[in-house]
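Remarks on the overall topology
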Amino acid sequence: QVQLVESGGGLVQPGGSLRLSCAASGSIFRVNAMAWYRQAPGKQRELVATITRGGRTNYEDSVKGRFTISRDNANNTVYLQMNSLKPEDTAVYYCNADVVVRGPYTNREVWGQGTLVTVSS
């Protein structure tokens, strides 16, 4: 069994910052690419940022220059530093990972439970 546990969401004023964390645990052989998605009320889930195991990153256009994704391979953890937050960043943020499960050594896509980020004055 593999799970992702997110933390760091909350209420922040426009222009403020938050840092999300997501830790993978369980029968893990290796964590490959990791990503953050978000889903705003009434909208579809969208990809925010991705990071490969080697550290190559990619961002959705609206967050470029404001958000930074990073990871700690030793602890199977991914982070999302969010600066200059805007009301339109309000959403539930989900962590996603491509995990090689120990034992069968097969790939499995895993999702976190989500953490709410609210940007409001």
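Scroll up for the structure.
Residues numbered from 1 in each chain as written. Predicted model: local features only at pLDDT ≥ 70, side-chain atom pairs only at ≥ 80, totals over all residues. Heavy atoms only, no water.

A few words now on the nonpolar core. Counting 32 residues, the largest nonpolar core has W36, L80, M82 and Y93 as the members making the most contacts within it. When residues of this core are traced back to their parent elements, those giving at least two are β1 (2-7), β3 (18-26), β4 (28-39), β5 (46-51), β7 (67-72), β8 (77-82), β9 (91-101) and β11 (115-119). With six residues, β9 is the single largest residue contributor to this core. Setting aside its immediate chain neighbours within four residues, M82 contacts G16, S17, L18, L20, R66, F67, Y93 and V117. (Core = buried A, V, L, I, M, F, W, Y, C linked by side-chain atoms within 4.5 Å. Buried < 20%, exposed > 50% of the residue type's maximum accessible area, 1.4 Å probe, protein only. Helix = DSSP H or I, 4+ residues; strand = E, 2+ residues; numbered from the N terminus. Contact = heavy atoms within 4.5 Å.)

Let's shift gears to the state of the cysteines. What the rule picks out here adds up to one disulfide. Disulfide pairing places C22 opposite C95 at an S-S distance of 2.1 Å. On the sign convention where negative means left-handed, the S-S torsion of about -85° between C22 and C95 marks this disulfide as left-handed. Here C22 is found in strand β3, whereas its partner C95 is found in strand β9, with 73 residues between them in sequence. The exposure classification of C22 matches that of C95, with both residues buried. (Disulfide = S-S within 2.5 Å.)

Strands in a sheet are paired, the pairing made by backbone hydrogen bonds, and the direction either parallel or antiparallel. Strand order across the open sheet formed by four strands is β1-β3-β8-β7, with antiparallel pairing between neighbours. In this open sheet, the two strands that pair with only one neighbour each are β1 and β7. Ignoring which end each strand starts from, the neighbouring axes of this sheet average 15° apart. For β1 and β3, the ladder comprises six bridges, and the chain directions are antiparallel. (Pairing = 2+ DSSP bridges. Axes fitted to C-alpha atoms, helices over the stretch in contact; angles between N-to-C directions.)

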